[in-house]
Each structure stands twice: as structure tokens, then as C-alpha cells.
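Examination of the molecular architecture
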Amino acid sequence: ACTGIENIDEAITLLEQNNWDLVAAINGVIPQENGILQSEYGGETLHGPAYGPTSHSTAASSTPSSSSAFRHVVPSRQIVERQPRMLDFRVEYRDRNVDVVLEDSSTVGDIKHILENELQIPASKMLLKGWKTGDVDDSTVLKSLHLPKNNSLYVLTPDLPPPSSSHSGALQESLNQNFMLIVTHREVQREYNLNFSGSSTIQEVKRNVYDLTSIPVRHQLWEGWPSSATDDSMTLAVSGLTFPCHRLTVGRRSSPVQTREQSEEQCTDVHMVSDSDGDDFEDATEFGVDDGEMFGVASSALRKSPMMPENAENEGDALLQFTAEFSSRYGDCHPVYFIGSLEAAFQEAFYGKARDRKLLAIYLHHDESVLTNVFCSQMLCAESIVSYLSQNFITWAWDMTKEANRARFLTMCTRHFGSVVAQTIRTQKTDQFPLFLIIMGKRSSNEVLNVIQGNTTVDELMMRLMAAMEIFSAQQQEDIKDEDEREARENVKREQDEAYRISLEADRAKREAQEREMAEQFRLEQIRKEQEEEREAIRLSLEQSLPPEPKEESTESVSKLRIRTPSGEFFERRFLASSKLQVVFDFVASKGYPWEEYKLLGTFPRRDVTQLDPNKSLLEVKLYPQETLFLEAKE
């Protein structure tokens, strides 16, 4: 809107060349001497510096009737090349101030030559200080420094003896002293302890306070500056501040648009309005643009929701809100935060198999740190960092903004890492946040490998993450080796245990088979004995029931039977011819050959006697007067 540059790459390049100093970058591309602002009040045209004090005073003295008071017209590049840009320098040396005006095509050495004539000091003895981009040499072209139109410098001559005047000696001593400024932010009732050298300017103090409080310099309402501090370009050494400590109070002006008379009155009373071209750019409201809408961002978007609820009972729920709020602020390209308690994150990162273990990265957020937005948007959300973290780390986050959440994390930190690490985090100042803790799990404890503060770059952050990974990889390889050896030993032991178990089962099965066999033998033996006893009892019973054997001289008809056993033995007996065949069967059974198991065969003719009617007499079955029979086991 101000420079006509629409290419984002070109804009970022210019900002990087100016160390991200927005005012210097804008002044470097806008020709100050030929800037044109066209007013919509009756077609009146205002000439002069586009963002100098004159344009602001004129704008402040009028009451705009529309939201867009001015329309900036960017001159063509041909005009820029024909008209060189002029730079104003106020150079302070001891008790003297020298004004120098040069084209931006001049060098630092040209300034020294002018000062040599004014101060009667050899240029080789001068040290020209106060450059915002650091020390420069005599050959440096002013245009390459991207300076604003108005600049404040000071000269040091360490090789020259100090003047006899005690005032000059005291001034030189004051320039080398450090002032402690205790600045109270009125709206939030918060104090900032800021250290500045005596050579710093009031303007530098106000810009630093802008970084801390987000109150633009032109909107700052100060109390406590000495009455002698009438110019923002004055150094602290000559401003009349109380050494070594001085108290100031800053607040926001109630009405950002004021008349010329109100501005002059307030400037006289509390010395608030900056005369610097660079700070005039911050007063965007005088051009009908609100602070929050300066770059297309609605002012409501600046009122951020807390990253994490205070006194959250469940850490998982707190992390869900943190992730959602982080995405809404910085986009979806960010590390994947582990949702769960810190103990669960330890379990996920450290207690799996050695090949699956990862480092644990703990991101500690703080909304009140001036480094937080830059760290999150430019470093933590960089694609290279996000990809590296997702591959090698378990990332867990916590918000340290609220005191209750801060105390809760310090308690967790003491429990898991010890009091030393907790004390280290406790002593970190707000402006050192955010912090990035790299944790490696070990056998007996968890080790903090690195504590990365927010004032870093993407390359440095990546290098420190990679350095931590190198340490972790070496430890992981040892753990993998130990785990493989342990698994090999456990496998051998399992195999041995399995073989022993199988052997025991085989022995037990063999023993049980033997026992079953013995039991079966015993059972069969018992059955056999019972059968023999039963058979013997039957035999004795049959033997006792047999009629007496008739004598040879008996007058009755007698049949003589000769019986051959399967073993070849013979036994003979006499029977009455009138005896039934059953008597013969009983006799054979009494000898141990029951007719249920053996059959009795005749010879001539061959016949199975056991198939005959046992109730018939021997005479009837033709076993009279004598017969030879033989026993044969039934099939």
C-alpha cells in the first residue's frame, strides 16, 4: 500500500537486507524528497517527504471525512534515478552537535571529512558510531545501509586525550555507562527492567518498548522523562536520567487522532511524539487505517484466545485446545503435537523397541514473549523443521503464559528431570521464551540434551536438532545392539526351555504309558486269576458232582473212554453205559477243558460229540463199550 511493491519475494528480500527493520526498508525504496501525497480535501496536493513530520502534522490538524484520507502515488523509477535522495545526520561529539546533509550515494568517509573540518579532528582518529546495522568502514556507501532520512550518530576518539574540561570527561564517562530503566506498562500493570548504554537514544528506548508492549511509538504516552529530554535523538547520557536506575511509565494514548495543538501540548508536557521519519510510519491510524488492519489483519484477530486453559484437569484436553489454537494462529503446517500427558509422551518415545524409539521435543510457549510469533511462524512452522520433527521426534507442548500452568509444568519437570533442570527453566526470563527442550531417554533416567531459546534461526534450529539426533543415534545403535544380544540370549533360553519341556513331556508320557501298561497287565492278571479261580471252582464243583466211577467187576454195562488232550496226554475213566453224555462233558470240564471252549471228537467215524444231545446215554450215542476221543480247542 505504501511502496507499490506487490511481489512478496521482492518485499521479503528488502526486509532481509534491512535486518527486518520495516521503517528502514520502506525509506529505502520511497524517494523521500519527491514523495507525493494527494489529499481528497478539494484536490489540494501536499508536496514534501512522504512520511516526514510535515505530512503528519498536516494530517493531524485536519478531520478526515472518509476512511481513506490520503492516496499515495509512487513516482516512476526514472524520476527516482534523476533525483538523488538526501540524508540528514546529527552527529554528537562531546558537547557539540554537527548537522551533516549528504546524498545517499556518498560514503561514510565523506561524513568523516566534513566532520574533520568542523571538529578539527583527524578523520583517521574518529570512530563513527550509532549505525543501526552495526559498525561500517569508510568505504561503505550510505545507500547500501538503507538509512532513514534523519539519523543520529556520535563520534568517539579513544586515541585522543580527553579535554581539560570536566564536563566533557563526565559526558564521555556517561556514554560508556549502562542505565537501568524500570518501565511500567500502565494498562497491564507490568514492569520491564531494561538495560541501555549511555550512547543509546531515547528513540531506541521507545522502539524497544514498542516491541514489548505493542504500543506504536507515536501512540506511547510517557511519564518520568526529565524536562531536558526534549528530543528523541538525544542519548541517554545527556538526557538527564538518574544514574544508575530511572523509573518511567508508559501507556497508550486515549485518542490516536489528535489536532496539531493537542499534539504539541502533549509533546511539551511528556515528550511523547517522535520526530523520526521511521516512527511516523507506525501511526497508520492517521491515514484511516487501524493498527490491527495495517496489513489486512482485522483488529479483532489481534485479541488472541489463550493457547491453553488455566488449571486444566486433563492434559490431553489442554493439548487439544493448544493444537487447535496453534493452527488458527500459524496455519496447519506445524509439528504434530502429541495429545496426552507427559508420562504418556515418555512411554511413546522411550519405552518401545530400541529401533522404534525417538527423541522427545518439548515446546514451551509464552504469549507475552516478543520472540514467540517470529519463532512459531518462521521457524517452528518451516516445512523442513516440521518434516524433521515428525520423522525423528515425539513433540509435546505446553503453554507457560498462565502462572498456574507454569507451576504445573515445573512440578512435572522436577519429577521427571530433577530439580536442576526445573531451576534452569524457572530462571528463564519471559523474553527468552519460547523454549525447545530436547529429551533423550536412558536406562535409568531422562537426559535433557539441549535447551533451545526463541532467539534463533531456522538453520541454527535445524543444526541443533541434527546434533541431538547424532547423539541419540549413537545411543540408539548401542541400545539396538544390546537388545539384539539380549533377544538372542532369550531365544536360546526359550529354545532350551522348550526342549526341556518337550523332554519332560516325553518322559512323562513314557512314564504314564508304562504305568498304564502295568495297570492293564495288573488288570488282565486279576481277570485271569479271577477266571482261573472261577474255572477252578467250577471244575471242583463238577468234579464233586460226578457220579462215582464204576468198578471193573461191576455187573452193569460199563463203557470205558480214553480221552487225548491237545498236549498229547491221555486220561481214562469208566462210565455206566446208561450214564448221560453230559456226565462225560462234566468229567472233561473237571479236568480243565470246559465244553464251551473245547470240542470232543470221535475217531471212527469222525464226529463232534459235543454236538450230540447231552441227555442221551452213552449207549445211545454209541460210546459203548469203549471209545477213544480227543479234545480240540474251538476256533
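Basis of the calculations
- Residues numbered from 1 in each chain as written.
- Predicted model: local features only at pLDDT ≥ 70, side-chain atom pairs only at ≥ 80, totals over all residues.
- Heavy atoms only, no water.
- Patch = residues over 30% accessible without salt bridge, like charges linked within 9 Å, V, L, I, M, F, W, Y side chains within 5 Å.
- Areas by Shrake-Rupley, 256 points an atom, 1.4 Å probe, with all protein chains shown as cover.
- Salt bridge = Lys/Arg side-chain N within 4 Å of Asp/Glu carboxyl O.
- Helix = DSSP H or I, 4+ residues; strand = E, 2+ residues; numbered from the N terminus.
- Phe/Tyr/Trp six-rings, centres within 6.5 Å; stacked < 30°, edge-to-face > 60°.
- pLDDT = per-residue confidence, 0-100.
- Contact = heavy atoms within 4.5 Å.
- Buried < 20%, exposed > 50% of the residue type's maximum accessible area, 1.4 Å probe, protein only.
- Pairing = 2+ DSSP bridges.
- Polar contact = N/O pair within 3.5 Å; in protein donor to acceptor, adjacent residues only side chain to side chain.
- Axes fitted to C-alpha atoms, helices over the stretch in contact; angles between N-to-C directions.
- Parallel < 35°, antiparallel > 145°, perpendicular 65-115°, else oblique.
- Nonpolar A, V, L, I, M, F, W, Y, C, P; charged D, E, K, R; others polar.
- Disulfide = S-S within 2.5 Å.

The next thing to look at is a nonpolar patch on the surface. Together, Ile8, Ile12 and Trp20 line one region of the surface with nonpolar side chains, adding up to about 310 Å² of accessible area. Looking at the element boundaries, Trp20 is found in the loop between helix 1 (8–17) and helix 2 (22–29).

Attention shifts here to the packing of aromatic side chains. Counted according to the given criterion, the structure contains 21 aromatic pairs. Considering the side-chain rings of Phe179 and Phe243, the 5.4 Å spacing of their centres and the 80° angle between planes classify their relative orientation as edge-to-face. Residue Phe179 is found in strand 8 (residues 178–185), and its partner Phe243 is found in the loop between strand 10 (220–223) and strand 11 (245–252); the two are separated by 64 residues along the sequence. On the basis of an interplanar angle of 55° and a centroid distance of 6.2 Å, the ring pair of Tyr363 and Phe436 is categorised as tilted.

This part takes up the confidence of the model for the chain. Looking at the chain as a whole, its pLDDT mean stands at 79, while 81% of the residues score no less than 70. Segment residues 33–82 is flagged for pLDDT under 50; beyond a separation of four residues in sequence, or across chains, it makes 89 contacts in the model.

Of all eight residues in strand 8, six are buried; the element is thus mostly enclosed. Where strand 8 lies against strand 9 (residues 190–197), eight bridges are found, and the strand directions are antiparallel. In the sheet register, Ile182 faces strand 9, and the bridge partner there is Asn193. If you look at the hairpin formed by strand 8 and strand 9, you'll find four residues sitting between the two strands, and Gln189 has a positive phi there, around 55°. Note: strand 8 against strand 11, six bridges, orientation parallel.

Okay, helix 17 (residues 581–590) next. The buried fraction of helix 17 amounts to nine of the ten residues, a majority that puts the element mostly inside the structure. Regarding helix 17, the residues found buried are Leu581, Val583, Val584, Phe585, Asp586, Phe587, Val588, Ala589 and Ser590. Residues of helix 17 that are buried sit in contact with helix 16 (458–545), strand 16 (558–564), strand 17 (570–576), strand 18 (598–602) and strand 20 (626–633). Two residues or fewer past helix 17, Gly592 is found with a positive phi of approximately 100°.

Below, the discussion takes up the side chain of Thr610. Here Thr610 shows up in the loop between strand 19 (607–608) and strand 20. Owing to a relative accessible area of 12%, Thr610 belongs among the buried residues under this scheme. Within the structure, the side chain of Thr610 is placed 2.4 Å from the side chain of Asp608, a separation counted as a polar contact. The residues touching Thr610, leaving out its near neighbours within four places in the chain, are Phe585, Tyr598, Lys599 and Leu600.

Moving on: the packing of helix 14 (residues 403–417) against helix 15 (residues 419–426). Between helix 14 and helix 15, the least distance of the axes is 7 Å, while the angle of their chain directions is 150°. Between helix 14 and helix 15, the crossing angle belongs to the class labelled roughly antiparallel. Residues Arg406, Phe409, Leu410, Cys413, Thr414 and Phe417 of helix 14 form the contact with helix 15, whose own contacting residues are Ser419, Val421, Ala422, Ile425 and Arg426. Across the contact of helix 14 with helix 15, the residue classes break down as seven nonpolar, two polar and two charged.

Throughout the structure, instances matching the rule amount to 31 salt bridges. Asp138 is paired through a salt bridge with Lys112; the nearest N and O atoms lie 3.0 Å apart. You can see Asp138 sitting in the loop between strand 6 (127–129) and strand 7 (150–156) and its partner Lys112 sitting in helix 5 (residues 108–119), a full 26 residues away along the chain. A relative accessible area of 39% places Asp138 in the partly exposed class. We classify Lys112 as buried; its relative accessible area is 9%. A cluster of three or more residues bridged by salt bridges with shared partners is formed by Arg90, Asp99 and Asp231.

Next up on the list: helix 2. Of the positions making up helix 2, those classed as buried are Val23, Ala24, Ala25, Ile26 and Asn27. For helix 2, the capping residue at the N-terminal end is Asp21, with a side-chain oxygen 3.2 Å from the backbone nitrogen of Val23.

Before going further, it helps to examine the sheet that holds strand 10. The strand order across the open sheet formed by four strands is 9-8-11-10, and the pairing between neighbours is mixed. Each of the sheet's edge strands pairs with one partner strand only, and the pair in question is strand 9 and strand 10. Each strand of the sheet is rotated relative to its neighbour by a mean of 30°, with strand direction disregarded. In the sheet, strand 10 pairs with strand 11 via four bridges, with the strands oriented antiparallel. Each bridged residue has a counterpart across the sheet, and for Glu223 the counterpart in strand 11 is Thr249. Relative to strand 9, helix 7 (residues 202–213) is tilted by about 145°, and along the sheet it contacts strand 8, strand 9, strand 10 and strand 11.

Let us look at the state of the cysteines. Under the counting rule described, the total for this entry stands at zero disulfides. Left unpaired, Cys376 is separated from the closest cysteine sulfur, that of Cys381, by 6.5 Å. The exposure class assigned to Cys376 is buried, which follows from its relative accessible area of 0%. With no disulfide of its own, Cys381 lies closest to Cys333 among cysteine sulfurs, the gap being 6.4 Å.

On to the sheet that holds strand 15 (residues 446–452), then. With respect to topology, four strands assemble into an open sheet ordered 13-12-14-15, the strand pairing being mixed. Every other strand in the sheet has two partners, leaving strand 13 (393–399) and strand 15 as the edge strands with one partner each. On average, each strand axis in the sheet is inclined to that of its neighbour by 25°, with strand direction left out of account. As paired strands, strand 12 (residues 359–365) and strand 14 (residues 435–441) are joined by five bridges and run antiparallel to one another. If you follow Ile362 over to strand 14, its bridge partner there is Leu437. Relative to the sheet, helix 13 (residues 383–392) contacts strand 12, strand 13 and strand 14, its axis offset from that of strand 13 by approximately 110°.

Turning our eyes to something else, we now look at the pairing of strand 17. Along strand 17, the buried face is formed by Phe571, Arg573 and Phe575; none of Phe570, Glu572, Arg574 and Leu576, which line the opposite face, is buried. When strand 16 meets strand 17, the two strands line up antiparallel, connected through seven bridges. When the sheet's bridge partners are listed, Lys560 is paired in strand 17 with Arg574. Once strand 16 ends, the chain turns through five residues before running back antiparallel as strand 17, passing Gly568 with a positive phi of about 100°.

With an omega of 0°, the peptide bond between Phe433 and Pro434 qualifies as cis. Even without a glycine there, the phi angle at Gln189 is positive, about 55°. Within the element layout of this structure, Gln189 appears in the loop between strand 8 and strand 9. In this structure, Lys622 is a non-glycine residue whose phi angle is positive, near 65°. Considering the arrangement of structural elements, one finds Lys622 in the loop between strand 19 and strand 20. What makes Lys622 exposed here is its relative accessible area of 63%.

Moving on to the packing of helix 11 (residues 342–350) against helix 14. The geometry of helix 11 relative to helix 14 is characterised by a closest axis approach of 11 Å and an angle of 40° between their N-to-C directions. Considering their axes alone, helix 11 and helix 14 lie oblique with respect to each other. Across from Leu342, Glu343 and Phe346 in helix 11, the residues of helix 14 making contact are Met412, Arg415, His416 and Phe417. Here the residues of the contact of helix 11 with helix 14 sort into four nonpolar, one polar and two charged.

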